[in-house]
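# Notes for the structure review
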Amino acid sequence: MLLCTTQRLTIRHLNEQDHKFVLQLLNDDAFIKNIGDKGVRETKDAIAYLVNGPLASYSEQGFGLNLVALKSDNTPIGLCGLLKRPELEFPDLGYALLPQYCSQGFAREASLAILKAAYDNKYAVNVVAITSLENTPSNMLLKKLGFLFEQTIEFYGSTNNLYKVRLASLFEQ
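What you see is a predicted model, and the numbers here were worked out from it, not measured in a lab. (Residues numbered from 1 in each chain as written. Predicted model: local features only at pLDDT ≥ 70, side-chain atom pairs only at ≥ 80, totals over all residues. Heavy atoms only, no water.)

### Observations regarding the packing of aromatic side chains
Scanning the model with the defined rule gives four aromatic pairs in all. Between Phe63 and Tyr123, the ring centres sit 5.4 Å apart and the planes meet at 55°, which makes this aromatic pair tilted. Of the two residues, Phe63 is situated in the loop between helix H3 (43-61) and strand E3 (65-70) and Tyr123 in the loop between helix H4 (106-120) and strand E6 (126-132); the sequence distance between them amounts to 60 residues. Judged by its relative accessible area of 32%, Tyr123 falls in the partly exposed class. (Phe/Tyr/Trp six-rings, centres within 6.5 Å; stacked < 30°, edge-to-face > 60°. Helix = DSSP H or I, 4+ residues; strand = E, 2+ residues; numbered from the N terminus. Buried < 20%, exposed > 50% of the residue type's maximum accessible area, 1.4 Å probe, protein only.)

### Focus on the nonpolar core
Core analysis: the largest hydrophobic core is formed by 47 residues, its most contacted members being Leu93, Val127 and Phe147. Per element, the largest residue contribution to this core is seven residues, and it comes from H4. Membership of the second largest hydrophobic core comes to seven residues, among which are Phe90, Val128, Ile130 and Leu162. (Core = buried A, V, L, I, M, F, W, Y, C linked by side-chain atoms within 4.5 Å.)

### What to know about unusual backbone geometry
One non-glycine residue, Ser103, lies in the positive phi region at around 60°. Within the secondary structure layout, Ser103 lies in the loop between strand E5 (92-97) and H4. A positive phi angle, near 55°, is found at Lys122, a position not held by glycine. As for its placement among the helices and strands, Lys122 is situated in the loop between H4 and E6.

### Structural notes on the environment of Lys38
For Lys38, the position within the fold is in the loop between helix H2 (29-34) and H3. Accessibility expressed as a relative area gives 39% for Lys38, which makes it partly exposed. On a C-alpha basis, the gap between Lys38 and Tyr49 in space is 8.5 Å, while along the polypeptide they are 11 residues apart. Each residue touching Lys38, except ones within four places of it in the same chain, is listed here: Leu26, Phe31 and Tyr49. (Contact = heavy atoms within 4.5 Å.)

Encoded structure:
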C-alpha cells in the first residue's frame, strides 16, 4: 500500500517480498551501530522480522515502519515510520537508510512525510524519537525536524537522547 510520495521518494508499506532489502539494511554496519543488531541473518529471519514487526504493527496500530524508495526508479533506500513501543508513551519516529543514501536529505524528506501522514490520519498528537548520544547526524536531524530534546534515558541497555514533537506545531499555521 502506497502511503505517500515526496518530490524524490515513494513511501509504502512493507511486505514479505521486501525480505532481501531488509536483510541488507539490517546487517549494515551503521544500522547495527546506531540502531542495534536485530539478529536477522537469513531470508527466514528477514521474513519473520517483517511479519512480526511492521506487518503486525500495520494491523495492530494502523502504522509502522515503511519502505522508502527513490521515486525515479523505485530503488529501495531505507525504512521510515512510526513504531509504538510499550516502554514509550507516544509513537516513536524511526528511520534508517543505506549508507550511500545518507547526507542527501532523504531521511528528512521521508520523516516529514511520515509525520504529516501521522498528523493527517490522526495517528498521534505527539511523537517521540530516540537516538544514541553519539549519533550526531540523527540528533541534528531531529532538531531540524522540530523535535525538542526532552531527556537522556536508558533504553535497550544504552543511554539515549529522547526527543518529542507536538505534530500540530509542525503543520498548523
